[in-house]
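Given next are the chains, with one letter for each unit.
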Amino acid sequence: MMNELVIFLILAVLLQTRIMDLRRSVYCLAFQSGLLACACLIVGLVHGGVHLVPALLTLLIKVVFIPGAILRLIGKLTDEREIVSDINVNYSTLAAAFFLVVGYVLIDGIGAAPASRDVIAASIFMILTGLSLMVMRKRAIMQMCGLITMENGIYLLGLFVTEGLPLIVELGVFLDVLIAVVVLVILTSRMSLSFMTTDTTVMKKLKG
Amino acid sequence: MELIFIALGLYALGTCSLLLPARGELLAHRAGTFLAAGASFLVFLAAVDYLLGWGRFSLPQAGLIPFASLGQFSLAADLWSGFFLALTGLSGTAVSIYALGYAAHYQGQRLSLLTGLWNLFILSMVLVLIAGDGFTFLVAWEVMALASFMLVYHENEKKATVQAAYQYMVMTHLGTAAIMASFYLLGSASESLVFADLAKNGLTENLRHVAFAFAFIGFALKSGLMPLHVWLPNAHPAAPSHVSALMSGVMLKVAVYGFGRFVFQFLGAEVFAYGLVVMLVGLVSAFLGVLYATMEKDIKRILAYSSVENMGIIFTAFGAGMLLFSLGQTMLSLVAFGAVLVHSFSHSIMKSLMFMSAGAVMHATGTKNIEQLGALLKKMPWTGAFTLVGCMALSSLPFTSGILGEWLTLQSLMSLADSAGTQGLRLLVLVGFILMGLTGALALGCFVRYFGVAFLGRRRSGAVLNAHEATCSMKIGMGLEAAFIVFLGLFPGELVSAAMHALGTDFGSLRGSVWGVFWLRSMTDVAVYSPALLLVLAVVLLAVLALPLMGSKVFAQRDITWNCGTLPTRRQQYTATGLSKPLRRAFTSILRPRRERIFLTKEHAYFGRRLEYRLSLPEHFERLLYQPAEHLLVRLADGLRVVQQGSVRLYIGYTMLAMVLVLIWGWAK
């Protein structure tokens, strides 16, 4: 069951690297987070008790609230596509593929338990791909998607390395992401108001 | 109850005066300075008692005082710190009494802040001296640096003050960084930062050299040795005079204390090169310091450069002592270290006195340009008399305390030449001897010029017309220091005994008694400096010379000769610039003065011409050392700007790169 989920997650992230449309990207992100919530649920079912709370939280925050907020924001924007990207989409997919290999090489080097090998490799893949998405995309929304992808990867890693974090830590992590996204949404709408675009390259103007 | 803790409490109470509202600032000032003077007197009393072994009071012994939130502090005093506590206490008392009257004219200009910081400044210096571990030392050192920065910054309406204060701040923090690095090196090789543990450090030979280099740079910077002195001639004129008095008189000695602690307790003086470096730097500072002092026109800059000179002499003696120690001449090295202490003490009192008198002059005339003074002795007889004592001491004339330290320094240079193993060292010591002699002569010239131009002759500008004598408390403050200078000049025995006691030897080759200072090189070879005998000799000689004149009548008729038919005017007397002209000529290759002569009108080659003459001494150290360093720093920063492109994606890219590197590193392990 876990293996299938991991395969779908990898596919979702690879898909994420292909998408240039803002809305679709957010949908894809919600799908990815949903898969993560499923993984959480499975771990929670195994351990039982309070471990179900994180799954619910993931569902609520990462699948419903964050994509909802971003979608609302997109509704206000005028340009919905990452039209001009100086880096070809193919490169980000290629990088993602490379990171998948890196993940497996690393995990073999470290020598993890065979049971969690795929999960850890996938989470490293997600973290690095999320970062590369942030680097390679210009639009603020796409960068936010990259951030959440990375965040999902870290969460997945934490979930399997520690087999369920303490509840208080989980809550802290979620609050963190929530606030980050709220701030980012506010800033992005400000940016769109001031610069008429959400292209972060205009921020270079701010350098003294 | 230990006396020194009461003193610390009084200082803390005095510091509170900065919290008082502006309305009662004169009251706060009086209370604050009284507290500072009283506390300093207690410090002096406790330290003298400890040094002379009366045993009535005690200084804090090693022991940790835990402060739950701030970590652990410890206070400990030994004989070495006791000596410096004594000089801090003495100058602290005298200058605080002086400040009572002097600083009152800052009323309306944050006076209570000045007084509060004044207390904090003395408190921090006492704390540095009784710190028992590296952490306490550094904290107190930093408080001292910041308090003195705030004091220098006090007259911040002036642009020059702000610049000087910030320059001082940057320089002093460089020094603190160096000292901190040295402490870290020592601490990493010891059990803890407590001084007793640091003494048992297990540093390897190479790291010890590095630690020594850092310590020397840090303390040399604070004591204003060349080429790290640049802050000193700028900070002193900018600061209020009583602050410069204490900064020059005491703070520079605190640096000597710190250096001594590092050398004696932590690093050892066995390495030959250490002493060599210290002595060379000291010699260069002494000579160049006094040379620049002779060129200056600002009275406080003269005094500041003279501080550079005297710190140079102190470090020359220190270096000579270290060299003697490394050559195995322990007894002889004690003479040199004794010279360090004696000269530290006497320089502390004489430089405090001189800065106080400079403050009185500035207060009375409103200028610190020596070219605008003159004939002040008539208007300010007391200040003039005290200044004369200070000038005599700084030129190391007999019957003042100034000669003692220099005499001992020269003696130890001589014994170093005697016991030098190699020809090279002997030659070097010879050069050092010449430089020291030159320094002494130049210092004499410098202070003859200082006193002559400022206090004698006829007035050089209208600023002198309204000059008035200093107030009573200022006179008491100056008089106290002057009395000490003369007393120690006549009876140097106790000071030398105290210095030898502070070095931990009571037998020593150096001895003091009522008759003077004795120094035994071997059982048969004795050198004596006895001011009492000299005084008797001088009186007898004067009497013999005066006797023939007594009975006979001397006729003197005064007339003006060779004055080309005009009466000599005020403008024909020597100016300070003119007086130092021969030296500027002689040392042109070092000073490289820039002269500019512009003819405003020139009707004829010899008359009917008006000209403007400008003379400036370029700052060679800034040009050759500091500006290149600054350029390098700016260039490096420009290079780093490439990294800083303002692109969000690039910054995330850096994060990513770092993460990949960490992953690879983890994997490779």
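Note that the coordinates shown come from a computational prediction; the quantities given were computed from them, not determined experimentally.

Chemist: Tell me about the overall build of chain A, and name the residues and values.
Modeler: Looking only at helices and strands, chain A has seven helices and zero strands in total. Starting at the N terminus and ending at the C terminus, chain A contains elements arranged as α-α-α-α-α-α-α. The burial tally for chain A puts 50% of its 208 residues in the buried class. As displayed, chain A offers around 9700 Å² of accessible surface, 72% of which is attributable to carbon and sulfur atoms.

Chemist: I'd like a description of the pattern of salt bridges, backed by residues and values.
Modeler: A pair can form between side chains of opposite charge whenever their charged atoms are brought close. If you walk through the whole model with that rule in mind, you get nine salt bridges over all chains. When salt bridges that share partners are traced, they join Glu-596, Glu-612 and Arg-614 of chain B into one network.

Chemist: Can you lay out the interface of chain A and chain B for me, pointing to particular residues and giving the numbers?
Modeler: Quite often, the size of an interface is put as the accessible area lost when its parts meet. Opposite the 24 residues of chain A that make contact, chain B presents 14 residues. In total, about 1600 Å² of surface goes out of reach between chain A and chain B, with carbon and sulfur atoms giving 73% of it. The interface formed by chain A and chain B includes zero salt bridges. For the interface between chain A and chain B, the tally reads zero residue pairs in polar contact (both at pLDDT 80 or more). Tallying contributions element by element places helix 5 (residues 117-136) of chain A first for the side of chain A that touches chain B, with eight residues. Taken together, the residues of the side of chain A that touches chain B break down into 13 nonpolar, six polar and five charged.

Chemist: Help me get a handle on the side chain of Ser-223 of chain B, residues and values and all.
Modeler: Assignment of secondary structure puts Ser-223 of chain B in the loop between helix 8 (205-222) and helix 9 (232-238). At a separation of 2.5 Å, a polar atom in the side chain of Ser-223 of chain B contacts the main-chain carbonyl oxygen of Phe-219 of chain B.

Chemist: Describe a nonpolar patch on the surface, and please don't skip the residues or the numbers.
Modeler: Nonpolar side chains collect at one region of the surface, where Val-101 and Val-105 of chain A together with Leu-657, Leu-661, Ile-664 and Trp-667 of chain B lie side by side and expose about 570 Å² of accessible area between them. In terms of residue count, the dominant contributor to the nonpolar patch is helix 25 (residues 648-668) of chain B (four residues). Secondary-structure assignment places Val-105 of chain A in helix 4 (residues 89-110). A residue is classified by how much of its surface remains accessible, and Val-105 of chain A, at 40% relative accessible area, is partly exposed.

Chemist: So what about the domain arrangement of chain B? Which residues, and what values?
Modeler: Each domain of chain B was delimited in the assignment, giving domain 1 (269-373 + 387-544 + 575-586) and domain 2 (620-668). Taken over C-alpha atoms, the centre of domain 1 of chain B sits 48 Å from the centre of domain 2 of chain B.

Chemist: Please provide a residue-by-residue account of the packing of aromatic side chains, values included.
Modeler: All chains considered together, the criterion is met by 43 aromatic pairs over all chains. Plain terms: the ring middles of Phe-195 of chain B and Phe-266 of chain B are 5.3 Å apart, the flat faces sit at 55° to each other, and that makes the pair tilted. Of this pair, Phe-195 of chain B sits in helix 7 (residues 195-198) while Phe-266 of chain B sits in helix 10 (residues 241-267), and the two are 71 residues apart along the sequence. Taking the centre distance of 5.1 Å and the plane angle of 15° together, the rings of Phe-451 of chain B and Phe-455 of chain B count as stacked. Placement of the pair is Phe-451 of chain B and Phe-455 of chain B together in helix 17 (residues 423-455), with a separation of four residues, close to one helical turn. Like Phe-451 of chain B, the residue Phe-455 of chain B is buried in the burial classification. Geometry around Tyr-155 of chain A places Lys-62 of chain A over its ring, the cationic atom sitting 5.0 Å from the centre. Here Lys-222 of chain B stacks its cationic end above the ring of Trp-141 of chain B, 5.6 Å away from the centre of that ring.

Chemist: Outline the pairing of strand 7 (residues 609-616) of chain B, listing residues and values.
Modeler: Residue and element names in this part refer to chain B. Across eight bridges, strand 6 (residues 594-602) lies against strand 7 in antiparallel orientation. Bridge assignment links Lys-602 to a residue of strand 7, and that residue is Arg-609. Where strand 6 hands over to strand 7, the hairpin turn is made up of six residues, of which Gly-608 adopts a positive phi near 65°.

Chemist: Pulling in residues and values, what's your account of the confidence of the model for chain A?
Modeler: Where the model shows low pLDDT, its predicted coordinates should not be examined in detail. On average, chain A scores 82 in pLDDT, and the residues at 70 or more come to 89%. Per-residue pLDDT, averaged within each element of chain A, yields its smallest value for helix 7 (residues 167-195) of chain A (83) and its largest for helix 1 (residues 2-18) of chain A (88).

Chemist: Please give an account of unusual backbone geometry that cites residues and values.
Modeler: All names here are of chain B. Pro-227 follows Met-226 through a cis peptide bond whose omega is 0°. Secondary-structure assignment places Pro-227 in the loop between helix 8 and helix 9. Of note in this structure, Phe-399 is not a glycine but carries a positive phi near 70°. Secondary-structure assignment places Phe-399 in the loop between helix 15 (381-394) and helix 16 (402-419). Although it is not a glycine, Arg-592 sits at a positive phi angle of roughly 45°. Residue position: Arg-592 is located in the loop between helix 23 (588-591) and strand 6.

Chemist: Could you give me a rundown of the layout of surface pockets, with the residues and numbers involved?
Modeler: Residues and elements named next belong to chain B. One number sums up the size of the largest pocket: a volume of about 790 Å³. Together, 30 residues line the largest pocket, and Lys-297, Glu-371, Thr-577, Tyr-613 and Leu-615 are the ones closest to its centre. Elements that contribute at least two residues to the lining of the largest pocket include exactly helix 9, helix 11 (272-295), helix 12 (299-326), helix 21 (576-579), helix 22 (581-586), strand 7 and helix 24 (620-641). Counting residues per element, the lining of the largest pocket draws most heavily on strand 7, which supplies five residues. Of the residues that constitute the lining of the largest pocket, the class distribution is 12 nonpolar, eight polar and 10 charged. Composition of the lining of the largest pocket by domain shows at least three residues from each of domain 1 (269-373 + 387-544 + 575-586) and domain 2 (620-668). By volume, the second largest pocket is sized at about 530 Å³.

Chemist: Go over the packing of helix 13 (residues 330-365) of chain B against helix 17 of chain B with me, naming the residues and quoting the values.
Modeler: Residues and elements named next belong to chain B. Remark: helix 13 packs on helix 17, axes separated minimally by 13 Å, with the N-to-C direction vectors making an angle of 25°. Here helix 13 is positioned roughly parallel relative to helix 17, judged by the angle of their axes. In the crossing of helix 13 with helix 17, the sense of the turn from one axis to the other is left-handed. Listed contacts from helix 17 to Met-354, Ser-357, Ala-358 and Val-361 of helix 13 are Phe-447, Tyr-450 and Phe-455. A breakdown of the residues in the contact of helix 13 with helix 17 according to their chemical character gives six nonpolar, one polar and no charged.

Chemist: Talk me through helix 1 of chain A; I want residue IDs and the actual numbers.
Modeler: Residue and element names in this part refer to chain A. Helix length check: helix 1, at 17 residues, gives a terminal C-alpha distance of 25 Å against a target of 24 Å (1.5 Å per residue), a fit within 8%. Those residues of helix 1 that fall on the buried side of the exposure criterion are Met-2, Leu-5, Val-6, Leu-9, Ile-10, Ala-12, Val-13, Gln-16 and Thr-17. The arc enclosing the buried residues of helix 1, seen along the axis, measures out at 160°, which places them on a common side. On its buried side, helix 1 packs onto helix 2 (22-47), helix 4, helix 5 and helix 6 (140-162).

Chemist: Any details on the environment of Ser-333 of chain B? Residues and values, ideally.
Modeler: Residues and elements named next belong to chain B. In this structure, Ser-333 sits in helix 13. Distance in space between the C-alpha atoms of Ser-333 and Met-322 is 6.8 Å, their sequence separation being 11 residues. Residues in contact with Ser-333, not counting those within four places in the same chain, are Gly-321, Leu-324 and Phe-325.

Here is what the cut-offs are and how they apply
- Residues numbered from 1 in each chain as written.
- Chains lettered and ligands numbered in written order.
- Predicted model: local features only at pLDDT ≥ 70, side-chain atom pairs only at ≥ 80, totals over all residues.
- Heavy atoms only, no water.
- Helix = DSSP H or I, 4+ residues; strand = E, 2+ residues; numbered from the N terminus.
- Buried < 20%, exposed > 50% of the residue type's maximum accessible area, 1.4 Å probe, protein only.
- Areas by Shrake-Rupley, 256 points an atom, 1.4 Å probe, with all protein chains shown as cover.
- Salt bridge = Lys/Arg side-chain N within 4 Å of Asp/Glu carboxyl O.
- Contact = heavy atoms within 4.5 Å.
- Buried area = accessible area lost by both parts, 1.4 Å probe.
- Polar contact = N/O pair within 3.5 Å; in protein donor to acceptor, adjacent residues only side chain to side chain.
- Nonpolar A, V, L, I, M, F, W, Y, C, P; charged D, E, K, R; others polar.
- Patch = residues over 30% accessible without salt bridge, like charges linked within 9 Å, V, L, I, M, F, W, Y side chains within 5 Å.
- Domains from an automatic or database assignment.
- Phe/Tyr/Trp six-rings, centres within 6.5 Å; stacked < 30°, edge-to-face > 60°.
- Lys NZ or Arg CZ within 6 Å of the ring centre and 35° of its normal.
- Pairing = 2+ DSSP bridges.
- pLDDT = per-residue confidence, 0-100.
- 1 Å grid on protein atoms, 1.4 Å probe; cavity = no way out; pocket = protein on both sides within 12 Å on 5 of 7 lines; lining within 4 Å.
- Points joined across faces, edges and corners; volume = space filled by probe spheres on them.
- Axes fitted to C-alpha atoms, helices over the stretch in contact; angles between N-to-C directions.
- Parallel < 35°, antiparallel > 145°, perpendicular 65-115°, else oblique.
- Left-handed = near helix turned anticlockwise from the far one by under 90°.
- Expected span 1.5 Å × (residues − 1).
- Arc of directions from axis to C-beta.

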